[in-house]
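One-letter residues, chain by chain:
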Amino acid sequence: MGNEKVTGALVERNLMRDSLQLMKISEELKKLDGVIDAIVAMGTETNKEIAKQLGLLLPEVEKAGDSDLFIAIAAKEEQSLKKALEKAKELLSAPISGGEMEYVDIESALAALPDANLAIVSVPGEYARDVTMKLLEKGIHVHLFSDHVPEEHEVELKKYAFDRGLLVLGPGAGTSIINGKAIAFANAVRRGPIGIIAAAGTGLQEVSSLIHNMSLGVSHGLGVGGGDVKNYVGGIMTKLALSYMEKDPSTKIITMVSKPPQQETLNSILEYAEKNTTKRLVLGFMGKVEMNLPKGLKGRTSVARTLHATALESVRLVSPSIYEKVKDKYTIPFDKLNAMLKPKYEKLKSSQKYIRALYTGGTLTSESLMIFDLLGIEVYSNAPLKGQKKLDDPFKSVGNTVVDLGEEEFTAGRAHPMIDPTIRRLRLIEEAKDPEVAVILMDFVLGYGSHPDPAGAHLDAIREAKKIAEKDGRHLIIIGYVLGVEGDPQGFNEQKRKLEAEGVTVLPTNAISALAAALSALRGKLNDNRVREIYEGYLKASAE
Amino acid sequence: MSNARKLFDEELKVINVGLKIFYEDLKRQGVRAVQVNYQPPPKLEKELKDKLSELL
């Protein structure tokens, strides 16, 4: 007795609800008396995989399709199960909203706020064009969060907007900061002289937060969406954003953050910048780029290969004295980092050799992959850089693995892992069972839009992971990177404290966290001159 | 050419169409905002509309 469990499921055909609402309902059901676990979700493959990991892939759940909603519950006895299923139905039928400033169409919203100057659009991608166009026609700038917007719609919207001096930030733009206000997923960064243009959401979050933590600030941060630097768009909004930053009196230098743009687009962006800007530029492209700087940009352009270096170089250009003050903290010397990690990696068994990085932030994933590549470490990923290996099954790690849990295979019909920690909690436990794992690296992204307590939401799983390793006589190194600032709703110091209290190592940037993971897995054997060169070299941008 | 509304260094006034969490976060920051609870048009209607706009 005692350990007995009953399970039950219900499927509602063709019932759509947004993933955030479903996550909240799942959480509420888990709090009910006698309930062991619960999942309420759309019947996508991703959600069925999670149900399977929870032991709740019941026959009716297995049959659910993408547009069906399923409820699956494990309880201690029949009575609790029945009650929980009833409660789930009740929560699902409750009205979605009821506030006074809420509308069902754009026309009535416009009537209520006739001088609106910005819209955030997060409707399903296939409807984004119609909604966005309606807003652009009124002269309203749009931050377009939606994914899966057809390429031809993106081009149409951006061309229309460019001709009218209107910004279309996105599609797929996770982050902007305008007039000091966080738009979608962004941090409470103070205002200052650095203007950021980003084709990478977490890239903007990391660079702006680091600039803030180094005690400078950001004038505006415009997320243009990853598609903008590909040839089908040709940098249309990157160019308009450059013009905006050039004209803006509070912007002293312009910093760009992106995965490497496609070559033709890169050339045309640089040409545009040469003709239309006079301010200093920092180009932070994560990856290998072939760049022929036009004459007019030489002498006022820096190039950086990591987010870390992009932030540092931006600070250095604005204030050499602040740069000198923060340099030591943000470029921890190799020997010091090694000495800090040594007592931990000396506890590892010789069989423990692999890094498992479980990321929620896409650009942080790229930055770490870039660093492992520079260090010559072989990695597998579901989002590999050129020349790196792709995971056969994104749900299963092999060797050194860096996984971006924000990729589509993990988010179809679910909230992003920055909001819903379920997927990562399960994955962390799985990694802890693998006797070859030495280090687990995780990011905790704070700010508006994110989970109210990401560190807290992982503590149980961290304890369990450690227990699993200890039972097997292993020590497990966990490195956590907290992206954010003290003014974020979650509070930077509080999040850091929670992780450190569980023995998690917390370092000041994602790049240093990735280096520390490599250093631990290799037992400090990165200590040779070539590696030192890499360590020093990539942290500094080359001022050309 | 442009009827673009002023954005930089102007008070932000935002229409949020879709995920309500973004609206709630704007309110927390003291930004004037309204929420649109968008419902996609029924599939058939959208397909007909797309066909019509192709023809016209």
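Residues numbered from 1 in each chain as written. Chains lettered and ligands numbered in written order. Predicted model: local features only at pLDDT ≥ 70, side-chain atom pairs only at ≥ 80, totals over all residues. Heavy atoms only, no water.

(A) Spatial organisation of the domain arrangement of chain A. Residues and elements named next belong to chain A. Here chain A is partitioned into domain 1 (6–93), domain 2 (106–329) and domain 3 (332–542). Each of domain 1 and domain 3 has a C-alpha centre, and the two are 31 Å apart. Summed over both sides, the interface between domain 1 and domain 3 buries roughly 1,100 Å², with carbon and sulfur atoms accounting for 66% of that surface. On the domain 1 side of the interface with domain 3, the three residues burying the most area are M23, T46 and I50, jointly 40% of the side's total. Summed over the shared surface of domain 1 and domain 3, the number is zero salt bridges. (Domains from an automatic or database assignment. Buried area = accessible area lost by both parts, 1.4 Å probe. Salt bridge = Lys/Arg side-chain N within 4 Å of Asp/Glu carboxyl O.)

(B) Structural view of the side chain of A:Q388. Residue and element names in this part refer to chain A. Mapped onto the secondary structure, Q388 falls in the loop between β16 (380–381) and β17 (389–390). You can call Q388 buried: its relative accessible area is 13%. A polar contact is formed between the side chain of Q388 and the backbone oxygen of L369, at a distance of 3.1 Å. Excluding residues within four positions of it along the chain, Q388 makes contact with L369, D373 and V379. (Helix = DSSP H or I, 4+ residues; strand = E, 2+ residues; numbered from the N terminus. Buried < 20%, exposed > 50% of the residue type's maximum accessible area, 1.4 Å probe, protein only. Polar contact = N/O pair within 3.5 Å; in protein donor to acceptor, adjacent residues only side chain to side chain. Contact = heavy atoms within 4.5 Å.)

(C) Main features of the packing of helix α8 (residues 201–213) of chain A against helix α14 (residues 362–374) of chain A. Residue and element names in this part refer to chain A. Direction vectors running N to C along α8 and α14 enclose 80 degrees, while the axes themselves pass 6 Å from each other. Viewed along their axes, α8 and α14 adopt a mutual orientation that is roughly perpendicular. Counted together, G201, T202, G203 and E206 of α8 and G362, T363, L364 and E367 of α14 form the full contact between these two elements. In the contact of α8 with α14, the residues fall into one nonpolar, five polar and two charged. (Axes fitted to C-alpha atoms, helices over the stretch in contact; angles between N-to-C directions. Parallel < 35°, antiparallel > 145°, perpendicular 65-115°, else oblique. Nonpolar A, V, L, I, M, F, W, Y, C, P; charged D, E, K, R; others polar.)

(D) Examining the interface of chain B and chain A more closely. Contacts between chain B and chain A engage 40 residues on the former and 57 residues on the latter. Roughly 4,400 Å² of surface becomes buried between chain B and chain A when both sides are summed, with 58% attributable to carbon and sulfur atoms. At the surface where chain B touches chain A, the tally comes to three salt bridges. Here B:K13 makes a salt bridge to A:D115, at a shortest N to O gap of 2.7 Å. Joining chain B to chain A, the criterion identifies 27 residue pairs in polar contact (both at pLDDT 80 or more). When contributions to the side of chain B that touches chain A are tallied by element, the ones reaching two or more residues are β1 (13–17), α1 (20–28), β2 (32–36) and α2 (43–55) of chain B. The biggest single contributor to the side of chain B that touches chain A is α1(B), with seven residues. Looking at the side of chain B that touches chain A residue by residue, the classes come out as 20 nonpolar, seven polar and 13 charged.

(E) Structural context of the pattern of salt bridges. Residues and elements named next belong to chain A. Considering all chains together, one arrives at 32 salt bridges over all chains under this definition. K389 is the salt-bridge partner of E378, the closest N and O atoms lying 3.1 Å from each other. A residue pair is termed long-range when its members are at least 10 positions apart, and E378 in the loop between α14 and β16 and K389 in strand β17 qualify at eleven residues. Since its relative accessible area comes to 36%, K389 is described here as partly exposed. The partner of D453 in a salt bridge is K498, with the nearest N and O atoms 2.8 Å apart. Remark: K498 occurs in helix α18 (residues 492–501) and D453 occurs in the loop between β19 (437–445) and α17 (454–471); sequence separation between them is 45 residues. In this structure, a network of salt bridges that share partners links the residues R356, R427, E431 and D434.

(F) Focus on the pairing of strand β18 (residues 401–404) of chain A. Residue and element names in this part refer to chain A. In β18, alternate side chains face the same way, and those of T401 and V403 on one face and V402 and D404 on the other are all buried. In this sheet, β18 lies alongside strand β15 (residues 354–359) in parallel orientation, the contact comprising four bridges. Bridge assignment links R356 to a residue of β18, and that residue is T401. Summarising the sheet, β16 and β18 pair through two bridges and their orientation is parallel. Looking at β18, one finds that Y380 is bridged to T401. (Pairing = 2+ DSSP bridges.)

(G) Spotlight on helix α16 (residues 422–433) of chain A. Residue and element names in this part refer to chain A. For α16, which comprises twelve residues, the first-to-last C-alpha distance of 18 Å matches the rise-based estimate of 16 Å (1.5 Å per residue) to within 8%. Taken together, the buried positions of α16 are occupied by T422, I423, R424, L426, R427, L428, I429, E431 and A432. Contact partners of the buried residues in α16: α2 (45–53), β15, β18, α15 (408–411), β19 and α17. (Expected span 1.5 Å × (residues − 1).)

(H) Layout of the confidence of the model for chain B. Here chain B averages 84 in pLDDT, while 86% of its residues score no lower than 70. When pLDDT is averaged over each helix and strand of chain B, the minimum, 69, is found for α2(B) and the maximum, 97, for β1(B). (pLDDT = per-residue confidence, 0-100.)

(I) Broad picture of unusual backbone geometry. Cis geometry marks the peptide bond from A:G170 to A:P171; its omega dihedral reads 5 degrees. Inspection of the secondary structure puts A:P171 in the loop between β7 (168–169) and β8 (175–178). In this structure, A:H148 is a non-glycine residue whose phi angle is positive, near 55 degrees. Inspection of the secondary structure puts A:H148 in the loop between β6 (141–144) and α7 (151–163). Taking the relative accessible area as the measure of exposure, A:H148 reaches 59% and is therefore exposed. Of note in this structure, B:D9 is not a glycine but carries a positive phi near 55 degrees. On the secondary structure map, B:D9 appears in the segment before β1. Judged by relative accessible area, B:D9 falls into the partly exposed class, the value being 43%.

(J) Region of the structure containing the nonpolar core. Counting 141 residues, the largest nonpolar core has A:L135, A:L136, A:I211, A:L242, A:L337 and B:I15 as its most contacted members. Looking at which element gives the most residues to this core, the answer is helix α19 (residues 510–521) of chain A, with nine residues. Excluding anything up to four places from it in sequence, B:I15 contacts A:A109, A:L110, A:A116, A:L118, A:A119, A:I120, A:L135, A:I140, B:V34 and B:V36. If you look at the next biggest cluster of nonpolar residues, it comprises 39 residues, including A:A9, A:L56, A:F444 and A:V482. (Core = buried A, V, L, I, M, F, W, Y, C linked by side-chain atoms within 4.5 Å.)

(K) Structural context of the environment of A:G284. Residue and element names in this part refer to chain A. Within the element layout of this structure, G284 appears in strand β13 (residues 280–285). When its relative accessible area of 0% is taken as the criterion, G284 is described as buried. On a C-alpha basis, the gap between G284 and G449 in space is 25 Å, while along the polypeptide they are 165 residues apart. In this structure, G284 is in contact with M256, V257, S258, A304 and T310, ignoring residues within four places of it in sequence.

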